[in-house]
Number of protein chains: 2
Amino acid sequence: MSQSDKERKRITVEIYNRSYTIVGQEEPHHIRMVSNLVDQKMREIHESNPALDVSKLAVLTAVNTMNEYIKLKEECAELINYIEKIEKEDDD
Amino acid sequence: MSQSDKERKRITVEIYNRSYTIVGQEEPHHIRMVSNLVDQKMREIHESNPALDVSKLAVLTAVNTMNEYIKLKEECAELINYIEKIEKEDDD
């Protein structure tokens, strides 16, 4: 087993009543937390759209999460701009 | 139509060969960009896991995106801490 193989962890989680084996470098507790958030979001979207099948529900969950990711990325970029601005002022 | 109804936009997008009607306050071009990112990520995950059915593929796409969202949220929190620290130093 190579060093990089050793670093890859394999964990099984349950999301919306199905099992998934996730392989990655993240810690198991982190993967479980992320999976619980996805499960929770799928159930929330199901509450407001009970007619959706599981794959549509999962795609809309992904769209929803991606939307929040993009908005957060913009917020992060603004924070970085702000830091650069105040660091430049400190230098002057 | 109330003010809040007026602000809600309805747009149809195609993700992984299926149509979705998305209702929300975001601009259509933003929803299209987010949907394209989800479509792209589903195709990437399919490339490395061709045996997955669409709903598993979509759930793993959501997990993947949620993981990146959580990591970005941590980075954002660090930036905020850093800003608070330098602003406090400026006050002293």
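Rules and cut-offs
Residues numbered from 1 in each chain as written. Chains lettered and ligands numbered in written order. Predicted model: local features only at pLDDT ≥ 70, side-chain atom pairs only at ≥ 80, totals over all residues. Heavy atoms only, no water. Least-squares fit on C-alpha atoms with pLDDT ≥ 70 in both. Contact = heavy atoms within 4.5 Å. Phe/Tyr/Trp six-rings, centres within 6.5 Å; stacked < 30°, edge-to-face > 60°. Lys NZ or Arg CZ within 6 Å of the ring centre and 35° of its normal. Helix = DSSP H or I, 4+ residues; strand = E, 2+ residues; numbered from the N terminus. Buried < 20%, exposed > 50% of the residue type's maximum accessible area, 1.4 Å probe, protein only.

Chemist: Please provide a residue-by-residue account of the relation of the copies chain B and chain A, values included.
Modeler: Here the second copy of the chain follows from the first by a rotation about an axis and a shift along it. For the pair chain B and chain A, the superposition axis carries a translation of 0.0 Å, the fit reaches an RMSD of 0.0 Å, and the rotation angle comes to 180°. Accordingly, the operation relating the two chain copies is best matched by a two-fold axis. The fraction of interface residues of chain B whose copies in chain A are also interface residues reaches 100%, indicating that both copies meet through the same surface.

Chemist: Which residues make up the packing of aromatic side chains, and what are the values?
Modeler: Taken as a whole and assessed by the stated rule, the structure comprises zero aromatic pairs over all chains. We note Lys56(A) situated over the ring of Tyr20(B); from NZ or CZ to the ring centre the distance is 4.8 Å.

Chemist: Give a description of unusual backbone geometry that names residues and reports values.
Modeler: In this structure, Tyr16(A) is a non-glycine residue whose phi angle is positive, near 50°. Relative to the helices and strands, Tyr16(A) resides in the loop between β1 (9-15) and β2 (18-24). According to the relative accessible area criterion, Tyr16(A) is buried, its value standing at 14%. Here Asn17(B), not a glycine, exhibits a phi torsion of approximately 70°, which is positive. With respect to the helices, strands and loops of the structure, Asn17(B) is situated in the loop between β1 (9-15) and β2 (18-24).

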